[in-house]
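Residue-level structure breakdown
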Amino acid sequence: MPSFWGLRWVLSRIFHLGPVALLATFFVFGMLYLVPGDPAITLAGENATPQHIEDIRALYGLDRPVVVQYADWLGHVAHGNLAVSLLSGEPVAGEIAHRLPNTLLIVAGALGLSILIGVPLSIAAALQPGSRFDLWSMAIASTGVSIPSFWLAMALVSVFALGFHWFPATGATSLSDGLGEALRHIVLPAVALSANGIATIGRQLRVAFADALAAPYVRTLRAKGLSRAAILWKHCLKNVSVSLLTVIGLLANRLLGATIVIEIVFAIPGIGSMVVNAAINKDFPVVQGVVLVTVAIVIAINMVVDGLCRLIDPRIARV
Amino acid sequence: MGLAEIEKAAITRRAMMTGTLGALAATSLPYGAVAAQRKGGVLRISYGFQPTSLDPTFGRQGGDFGFLYPVFETLVDWEPQSLQPKPGLATSWNFPDPKTLVMKLREDVVFHDGTPFDGAAAKFNLDRGLSDPKSTVKADLASVDSVEASGKHEIALHLKRPNIALPGILSDRAGLMASPQAIQKFGDGFAHNPIGTGPWAFVQWRDNELVSYRRNDYYRVKGLPYLDGVDFHIIADANTGLRSVIAGENDFVQSLSTAQKPVVDKAGLAYTFATSQGMFPLWLNYAKGPLADIRVRQALNYAVDRDAYNKATELGLNEVAWGVFPKAHWAYSAGVDQAYRYNPDKAKQLLAAAGFANGLDLTMTGPNDQRSTQRQEVVMEQLKAVGVRIKLTTLSVNDSIKAFFYDKQHDMLLILWGGRADPSATYDALFSKGSPFNASGVEPDGFADALAASQAVPDLKQRAAVLGKVAQIVSDNALIVPLVFDAQYNAFTNSVKGFEPNLFGRMRLDTVSFES
């Protein structure tokens, strides 16, 4: 059962969501206005006269001060809806609900692969510091950090989709249409996205494990005759798990942003490609809606990571 | 938007590039046409962008037509290879007096919701285009004063001024007919529940993902369509779209660039490559500065090596542009052909005569995508050779249009023009002083009279001759620097038959089927 202080911590984190989301959405709203472009021209169509463009601007309320437009959007949010797209006229919330699972599935897949490969790699390297394996694995990890995900994505498509026909080259399938097909669609995007994650986890944890293995308590454990496996899994892993969780949290947030490129290369209808299209066309309600949802997800991830760290290492809760 | 998507207009010129395709073009058959085409199958298309609206009155870009033609039909249709007007939902039309257009309508047509298409429905659509605050066809219908349902299957358009181009205009967006009952029922939601009289009925639109259609069993043309349905998969990146066809996930990809030809060839896909009336020109603001001097504008025209530009930017495959219409267009004017053949010495002489012997500085804007940048760089190098130094500002498509046409910030713009259904409407849009696409806001002497004359001759051959005079005025005054015409380059699997490209560059699928 959570303690009073634990509950207070959870509530305070949830309370922080409001100001952070407010700041982020206001900042993005302002940015969209500062960069060149005029949605009224887009909305007025091909043959529009300047007068018609002004009429359209007034019709959509785009002639009002920026702050008023932002407050109007905020009013919609306060009433529980994210308004409708300027261009398509469709409810933004519905669009996000339809596309978000595709994005989250890719992020989850990439994160899972990063952990499954990155953690054992870092342990193996840390157990043989200075060995050929250590040097090569870390060199490959450095390459993984450097490879652009879109390039890797196209290379994977060429080989595994167009060459061997093992996986689809484009598109996504909903989980409700069958787990197998949905997973088949996310394999290549997740692999392309995970290269960077594997390298990041591998490099960061290798250092953490190496430090743990060199610590005096490990020498004591060895002297006591404890097996290498017991030292590693029972004692070292617990000590580096805070670092691991922190890296995973940061990586999850980063992957959420990195899906934009992957969604375009694989033609996946996710929130990344949605926000790019909306930003180009200055579809403010869509951009704002995606930013708000993304901010909420990032805060939620950070909260879960912080909470787990507090559980693993109670000293953190006292700070 | 506008000009930008100005980006997708097209027709067949050097028809196709393979022997097979050339032979088929020679017999006037669509690509892959067979004597008896099989019915059935759903065509999966990779399309580069989603519609701005599926309500024809509110749509905002030329690319929408790929999505509109399955559902809607126009009052007036056009010949795919020349864009000559021909009967559509209207069987015939005439001008009993210069300010009245009477159109007889088909009597055997029903909308997908079962309601009849008649004079009242046509009047409803045209009135909506004229008066709805969000209408994007108001400018097209500017010459129309009122619409009358003069009979059960007849309408009369009463005009503010004579406009013989109106039937052509009604073969464009303004002439697309939607179900009045559905518009009243769905209101603003009609864009997501479009109902027309076309070969396929709308099924669903998932934003930036999928637009689906299924067969209209009551389509007025017996035997058509062949396909049971069409699914447009929205794939913004053309390379991804092409990969989806190679992988067998789609059957058809539209609007590829010539740079992708090696990939298409290697994959063994079928394709069509057809010249369109879309044109890449250098748009000029000749209201002020050096470009107000006709000699400078002529110098720019002489300074551009169109063949070299074509080779550098389009692998030499497109048709070089001397006027605003390609050779296949019925309003093509041979009189302006080669008018400004590449002559850098003459360009330098004209610049020197205009007082720019030591060179000239101009500003230019244009889209910031990779292909556009390549085009801009080639032109800049060519102009530099005669002493014209360009300061380039690249922006997004919409922003470059705004900067040039509305904010008048630059001397020149390099962007695609998609064209209009009627040639008078094209000249009007490009060069009339009141047009939003004439950044200068001025026009040369005699232009308005010549344009008005082109709108007052009913016979097409006579009109072509009168339009030739308009073309001559434009060319003599060097109001624009035409470079090349755009090409419609589509690739598809070998099982797809019967696709026929058109001069408008707007995808129509009525004749498409799968191999038996």
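Residues numbered from 1 in each chain as written. Chains lettered and ligands numbered in written order. Predicted model: local features only at pLDDT ≥ 70, side-chain atom pairs only at ≥ 80, totals over all residues.

1. Overview of the overall build of chain A
Inclusion rule: Starting at the N terminus, helices and strands are each numbered in turn, a helix being any DSSP run of H or I of at least four residues and a strand any DSSP run of E of at least two. Buried means a residue has 20 or more other C-beta atoms within 10 Å of its own C-beta, exposed means 12 or fewer, and partly exposed covers the counts in between; C-beta atoms are placed from the backbone. Throughout, a residue-residue contact means that the two C-beta atoms, derived from backbone geometry, are no farther apart than 7 Å.
Check the secondary structure of chain A and you find 13 helices and 0 strands. Listing the helices and strands of chain A from first to last along the sequence gives α-α-α-α-α-α-α-α-α-α-α-α-α. Oriented by its inertia axes, the alpha-carbon framework of chain A measures out at about 85 × 60 × 35 Å. Residues classed as buried in chain A amount to 38% of the 319 residues present. The long-range share in chain A, meaning contacts at least 24 apart out of those at least 6 apart in sequence, stands at 74%.

2. Let's talk about the pairing of strand β9 (residues 210-215) of chain B
Each regular strand displays side chains that alternate between the two surfaces of the sheet. Residue and element names in this part refer to chain B. Defined as follows: Pairing between two strands is assigned when DSSP locates at least 2 bridges connecting them.
As defined by bridge partners, strand β8 (residues 200-206) adjoins β9 across 6 bridges and the pair is classed as antiparallel. Its bridge partner being in β9, Arg-206 is matched across the sheet by Leu-210. As consecutive antiparallel partners, β8 and β9 are separated by 3 residues, and within that stretch Asn-208 has a phi angle of approximately 55°, a positive value. In this structure, β9 lies alongside strand β10 (residues 229-234), joined through 5 bridges in antiparallel fashion. Within β10, the position partnered with Tyr-213 by the bridge is Val-230.

3. Some thoughts on the interface of chain B and chain A
Stated formally: Charged residues are taken to be Asp, Glu, Lys and Arg, nonpolar residues to be Ala, Val, Leu, Ile, Met, Phe, Trp, Tyr, Cys and Pro, and polar residues to be all remaining types, Gly included.
Every contact between the two is made by 33 residues of chain B and, on the other side, 36 residues of chain A. Those elements that place two or more of their residues in the side of chain B that touches chain A are α6 (238-246) and α12 (397-406) of chain B. Looking at the side of chain B that touches chain A residue by residue, the classes come out as 12 nonpolar, 9 polar and 12 charged.

4. Considerations on the packing of helix α8 (residues 179-213) of chain A against helix α10 (residues 228-265) of chain A
Residues and elements named next belong to chain A. Quick reminder of the rule: Axis definition: a line fitted to C-alpha atoms, over the contacting stretch in the case of helices. Angles run 0 to 180 degrees between N-to-C directions. Angle categories: roughly parallel below 35 degrees, roughly antiparallel above 145, roughly perpendicular from 65 to 115, and oblique for all the rest. Crossing handedness follows the turn of the near helix against the far one: under a right angle anticlockwise gives a left-handed crossing, and clockwise gives a right-handed one.
Interaxial distance between α8 and α10 falls to 9 Å at its minimum, and their mutual angle equals 160°. Classified by the angle between their axes, α8 and α10 sit roughly antiparallel to one another. The element α8 and its partner α10 pack so that their crossing is right-handed. Two secondary-structure elements touch here, α8 through Pro-189, Ala-192, Leu-193, Gly-197, Thr-200, Ile-201, Gln-204, Leu-205, Ala-208, Phe-209, Ala-212 and Leu-213 and α10 through Cys-236, Asn-239, Val-240, Ser-243, Leu-244, Val-247, Leu-251, Leu-255, Ala-258, Thr-259 and Ile-262. Of the residues in the contact of α8 with α10, the class split is 17 nonpolar, 6 polar and no charged.

5. Digging into the environment of Asn-310 of chain B
All names here are of chain B. Topologically, Asn-310 is positioned in helix α9 (residues 306-314). On the basis of neighbour count, Asn-310 is assigned to the buried category, with 22 C-beta atoms found within 10 Å. Put simply, Asn-310 and Arg-375 are 65 residues apart on the chain and 9.4 Å apart in space, counted from C-alpha to C-alpha.

6. Describing the sheet that holds strand β5 (residues 100-105) of chain B
Residues and elements named next belong to chain B. On the basis of which strands lie adjacent, the open sheet formed by 4 strands has the order β4-β5-β7-β6 and antiparallel pairing. What marks the edges here is a single partner per strand, and that holds for β4 (90-97) and β6 (144-151). When strand polarity is set aside, the average angle formed by the axes of neighbouring strands in this sheet is 20°. Judged from the 5 bridges that link them, β5 and strand β7 (residues 154-159) form a sheet pairing that is antiparallel. Its bridge partner lying in β7, Leu-101 is registered against Leu-157. Running at roughly 170° to β6, helix α3 (residues 119-131) makes contact with β5, β6 and β7 of the sheet.

7. Examining the domain arrangement of chain A
Residues and elements named next belong to chain A. To keep things clear, this is the line we draw: Boundary definitions for the domains trace back to an automatic or database domain assignment.
When the domains of chain A are assigned, the result is domain 1 (2-78) and domain 2 (99-317). Here the C-alpha centroids of domain 1 and domain 2 sit 31 Å apart. The interface is formed by 13 residues belonging to domain 1 together with 13 residues belonging to domain 2. Counting only elements with at least two residues in the side of domain 1 that touches domain 2, the list comes to α1 (4-34) and α2 (39-44). A total of 9 residues in the side of domain 1 that touches domain 2 trace back to one element, the largest contributor, which is α1. For the side of domain 1 that touches domain 2, a count of residues per class yields 9 nonpolar, 3 polar and 1 charged.

8. A few points about the confidence of the model for chain B
All names here are of chain B. Note the following rule: The predictor attaches a confidence to each residue, and that confidence, scored 0 to 100, is pLDDT.
Residues with a pLDDT of 70 or more make up 93% of chain B, whose mean pLDDT is 89. In the predicted structure, residues 1-34 sits below a pLDDT of 50 and forms 110 contacts with residues beyond four places in sequence or in another chain. Confidence estimates for the predicted assembly give a pTM of 0.82 and an ipTM of 0.78.

9. Focus: the environment of Pro-194 of chain B
All names here are of chain B. Residue position: Pro-194 is located in the loop between α5 (180-186) and β8. The class for Pro-194 is buried, based on 29 C-beta atoms found within 10 Å. Between the C-alpha atom of Pro-194 and that of Val-512, which follows or precedes it by 318 residues, the distance is 22 Å. Dropping the residues within four chain positions of it, Pro-194 is found in contact with Leu-54, Asp-55, Val-71, Ala-178 and Phe-202.

10. Concerning helix α3 (residues 50-59) of chain A
Residues and elements named next belong to chain A. Rules: Relevant arc is that of directions from the helix axis to the C-beta atoms, nothing else.
Of all the residues in α3, the buried ones are His-52, Ile-53 and Ile-56. Each buried residue of α3 sits inside an arc of 100° when the element is viewed along its axis, so together they form one side. Counted as exposed and oriented over 90 degrees from the buried face of α3: Pro-50 and Gln-51. Buried residues belonging to α3 abut α2.

11. Here we look at the environment of Leu-360 of chain B
All names here are of chain B. Tracing the chain through its elements places Leu-360 in strand β13 (residues 360-367). On the neighbour-count criterion, Leu-360 (22 C-beta atoms within 10 Å) is buried. When residues no more than four places from it in sequence are discounted, the contact partners of Leu-360 are Pro-290, Val-296, Leu-351, Gly-387, Val-388 and Arg-389.

12. So, the sheet that holds β10 of chain B
All names here are of chain B. Pairing is mixed in the open sheet, where 10 strands are placed in the order β8-β9-β10-β1-β11-β16-β12-β15-β13-β14. Where the open sheet ends on each side, the last strands, each with one partner, are β8 and β14 (388-395). Sheet topology places strand β11 (residues 252-253) next to strand β16 (residues 480-492); 2 bridges connect them, and they run antiparallel. Bridged to Val-253 within β16 is Ala-491. Along the sheet face, α12 touches β12 (270-284), β13, β14 and β15 (412-414) and points at about 140° away from the line of β13.

13. Remarks on the packing of helix α13 (residues 423-431) of chain B against helix α14 (residues 447-454) of chain B
Residue and element names in this part refer to chain B. Where α13 meets α14, the closest approach of the two axes is 10 Å, and the angle between their N-to-C directions is 160°. Here α14 runs roughly antiparallel to α13, going by the angle between their axes. Every pair of crossing elements has a handedness; the one defined by α13 and α14 is left-handed. Contact residues: α13 offers Ser-424, Tyr-427, Asp-428 and Phe-431, while α14 offers Phe-447, Leu-451 and Ser-454.

14. Some words on α3 of chain B
How we decide: Here the expected span of a helix is defined as 1.5 Å times the quantity of residues minus one.
The first and last C-alpha atoms of α3 of chain B sit 18 Å apart over 13 residues, in line with the 18 Å expected at 1.5 Å per residue. Looking at the packing, one finds that the buried side of α3 of chain B touches β5, β6, β7 and α5 of chain B.

15. Here's the deal with the pairing of β5 of chain B
Residues and elements named next belong to chain B. Across the two faces of β5 the burial differs, with Leu-101, Met-103 and Leu-105 buried and Thr-100, Val-102 and Lys-104 not buried at all. Bridge count for β4 against β5 is 5 bridges, and the pairing is antiparallel. Of the residues in β5, the one forming a bridge with Ser-92 is Lys-104. Counted between consecutive antiparallel strands, the loop separating β4 from β5 contains 2 residues.

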